[in-house]
Structure formats: structure tokens, C-alpha cells
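Residues per chain are reported as follows:
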Amino acid sequence: GVTQELLQVLARDMTYKCAWVNLPFGGAKGGVPIDPEQCTETELRDITEQYTVELANNNCLHAYKDVPGPDMGVNEKVMYWMLNKAGDMNTGSPPYQTLTGKPVEYGGLPGREEATARGGLDALQKYLELTRMFSQKPTLAIQGFGNVGQNLARLAYSTEYGYTVVALSDRRGGIYAPGGLDVPAVRAWVSQNHTVAGYPEAEAVSNEELLLLPVDILAPAALENQITEQNAVHVKAKLVVELANEAITPAAYDILAERGIPTLPGIVMNPGGVVGSFLEWSRNLGAMTHKVDNDRIYETTKRELRAIMQAPIPKLHERSKAEQRSLDDTAHIMVFEILLEKLRKRHGYKD
């Protein structure tokens, strides 16, 4: 599904996300229009290495120019392939400084893989503290069971966050248990069957049906354009949190706002991944660490990630309430103001 137009939208979103959490990054996006599941590992490695060569040949790979990180269909193995290939080329800076999401033993950050999900939960936690929306343990439905969705389910189910996960789905279908799913058991099922579909302790639902379940919190964490003007009128969740890029269309945002369903947009909920990449990148620019430091670094990462993700939430909540705007509109206004101020300083504009 990758197109130049989609990548332009996602690059714009990355610019917004970096501004939202005050990172010293701009915003870019890249991708290859393939389905990784249809490729052999050898084919995937060949494609990844050629993609890396093209980035290098176009003078992109550099610690202060373009710092790629993982997204859909990409894991630390793929990032290692990029690192390995970049090491064969002269990119102007050490490859481990210009690639993030790497394996820990090659300069990666403990906790980077879960950073998008953890960061989203941290932002959500702060919002719920401020609003006191739920007096009891909220129920949560998650569309998508890739890196973000699976980590979101695992962490949300844990005592650290304490949600009741009632629905999960992947590209082959979904499952729903109103009383709550045993997420570790579901993950064990997926490790054997490569899908949540068919899990015996829940009823089957489609991806479309999952979005319309009567839950407290709905988290689309899969593909773009999942909540649209066609189905937004039927959403029954009390709160929607956008974990996937562009999962909610602009028209759907308006409909949800009109229906009084607060929606935390992607630029608020899913910068955790790029925050993790920033923390990895900044460490790579300094001293290399030993594996004996991993536990300490992981705890530091969690603390820093939470602080960065939660910092803008009180202002978002207060301003949305004071100006009677939706969370989505308010977040984008705040981001535009941040970017405008930065551009004024850079170019010397006064108005």
C-alpha cells in the first residue's frame, strides 16, 4: 500500500509528532510497496540492502541528516541488515549512529521495540488521570497485532497499566471476550498459529466488527483509514486512541467529535517510537554501553519516555476544555504554533 502520496502524509505526521514531544528532529518517511509475508527472508534481505544502498547513494544516511527507524513490517532484524549494509559504504558517519531500532547488541536501545505502545499508554494514563473518565478498570479493544498492537496488549494487560483487554485482531480476523482475554495465552496461541483468529476462548469478530464493539477504549493500531465517515457513526467506544498512522480519517474525527467521543490523535498517542529512536540515537552519539548496563538503561528509557510523552497532555486537556475544541483540533493547533515559532526563529520572521 505504500505510495509517494502516503509517504508525504506520513512524513508530515512525523514532523508534527517530533514537534509535539519537542524532539530535535524534522520529519521524513520511507518505504517499499511489498507485503513482507509474501517474501522469503533472502528476498527481504536483498530488498532491504538495495533500499539502504539507494538511501546512501542519495546522500540521505547520516546521523545529522536522515535517521531511519522501524515501522510496519520492519523489526530489529531488518534494521540490522540495514546497519550491516551501511557498514560497507561511506555514509559520512558511523552507521550505528544513523540507524535506530537496532538489536541491543549492536547499539540498540533496550525497550525500543515496545516504545510506541508504551508511550501511547503513558499518554493515555496521563489523560485519564486528568479527566477521571473511568471509575473502574477500563475495557480495551485493539485492532492490529503487529509490533504496536501486540506490545500494547501485553503492556495494557500487565499490572503496570491494568486494563481489561477484551478484543484483539490481525489481518486474518479478530477475537472478543466481554469478560477479558488472557493475553499471555493469546500470545502463546499466536506463536503457534501465526494469528489470533481461531483462539478457542473467545468469539470470532471481524476487523470491522471490532471497531464497533461496546468498549471503554478503542485503539486502532493497524493500518490507515480504518475509522471513516461510514463507520464512525456506529462506534460505541467511550474513548478512541489512534495508535496507527492515519487510522482515523478527517471526516471521521469530525463525526466522533460531534457525537461527544473524545479521540486522542496519532500525533499525541504514537510518538513513542520516534522518542525511542531519539533516545537510542542520542546515546549512540556518546559512549557505547555494555550489556551489563541494559537493565539500568531500560529503566531509564521507561522513565524518560513517560516524562516526554506525558508532558504536553495537561496543556492539551486544559486548552481543549477552555476553547471547547476537540482533542484532535486542539493538538494540531498546538503543533502548528510550535512549528510556526520555530520557523520564525529560523528565518527571522516577525509576523
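Scroll up to find the structure this text is about.
So, a few notes on the structure that sits alongside this text. All of these numbers come straight from a predicted model, not from anything done at the bench. (Residues numbered from 1 in each chain as written. Predicted model: local features only at pLDDT ≥ 70, side-chain atom pairs only at ≥ 80, totals over all residues. Heavy atoms only, no water.)

Thoughts on the pairing of strand β2 (residues 164–170)
A large share of β2 lies buried, amounting to 7 of its 7 residues. In this sheet, β2 lies alongside strand β1 (residues 139–143) in parallel orientation, the contact comprising 5 bridges. Note that in β2 the partner of I142 across the bridge is L168. Read as a crossover between parallel neighbours, the route from β1 over helix α5 (residues 147–157) to β2 is right-handed. Pairing of β2 with strand β3 (residues 173–176), which is carried by 4 bridges, proceeds in the antiparallel orientation. Bridge pairing links L168 to I175 in β3. Taking the residues that link successive antiparallel strands as the turn, the β2-β3 hairpin has 2 residues. (Buried < 20%, exposed > 50% of the residue type's maximum accessible area, 1.4 Å probe, protein only. Helix = DSSP H or I, 4+ residues; strand = E, 2+ residues; numbered from the N terminus. Pairing = 2+ DSSP bridges. Right-handed = clockwise from strand over helix to strand, strands pointing away.)

Looking at helix α4 (residues 115–131)
Along its 17 residues, α4 runs 24 Å from first to last C-alpha, staying within 8% of the 24 Å computed at 1.5 Å per residue. Most of α4 is tucked away: 12 of the 17 residues are buried. Phi for R132, located one or two positions after α4, is positive at around 50°. (Expected span 1.5 Å × (residues − 1).)

Overview of the pattern of salt bridges
In the structure shown here, the tally under the stated rule is 22 salt bridges. Among the salt bridges present, the one from R118 reaches E114, with a minimum N-O distance of 2.7 Å. Just as R118 is buried, E114 falls in that class too. The closest approach of N and O atoms between K126 and E129, which form a salt bridge, is 3.5 Å. Highlighted residues: K126 and E129, both in helix α4, separated by 3 residues, approximately one helical turn. Given the relative accessible area of 45%, E129 is considered partly exposed. Ionic contacts of the salt-bridge type, sharing partners, join the residues E114, R118, D122, R154, E160 and R306 into one network. (Salt bridge = Lys/Arg side-chain N within 4 Å of Asp/Glu carboxyl O.)

Some points on the packing of α5 against helix α6 (residues 183–193)
With their axes 9 Å apart at the nearest point, α5 and α6 run at an angle of 150° to one another. Classified by the angle their axes make, α5 and α6 are roughly antiparallel. Residues Q150, A153, R154 and Y157 of α5 lie in contact with α6, whose contacting residues are V183, P184 and R187. Residue composition of the contact of α5 with α6, grouped by class: 4 nonpolar, 1 polar and 2 charged. (Axes fitted to C-alpha atoms, helices over the stretch in contact; angles between N-to-C directions. Parallel < 35°, antiparallel > 145°, perpendicular 65-115°, else oblique. Contact = heavy atoms within 4.5 Å. Nonpolar A, V, L, I, M, F, W, Y, C, P; charged D, E, K, R; others polar.)

So, the pairing of β1
Taking burial as the measure, the 5 residues of β1 include 5 buried ones, the bulk of the element. Pairing geometry for β1 and strand β5 (residues 217–220), over 4 bridges, is parallel. Bridge pairing in β5 links Q143 to P220.

Notes on helix α12 (residues 313–323)
Within the sequence span of α12, burial applies to I313, L316, H317, R319 and S320. Directly beyond the C-terminal end of α12, a positive phi value near 55° is found at Q324.

Some words on the packing of aromatic side chains
Enumeration according to the criterion identifies 7 aromatic pairs in this entry. Seen from their ring centres, F25 and F278 are 6.0 Å apart, and the 80° between their planes marks the pair as edge-to-face. Pair noted here: F25 is in the loop between α1 (4–20) and α2 (41–57) and F278 is in helix α10 (residues 272–284), with a separation of 253 residues, a long-range link. Classification of F25 as partly exposed rests on a relative accessible area of 22%. Between F25 and W281, the ring centres sit 5.0 Å apart and the planes meet at 70°, which makes this aromatic pair edge-to-face. Separated by 256 residues along the polypeptide, F25 in the loop between α1 and α2 and W281 in helix α10 bring together distant segments of the chain. (Phe/Tyr/Trp six-rings, centres within 6.5 Å; stacked < 30°, edge-to-face > 60°.)

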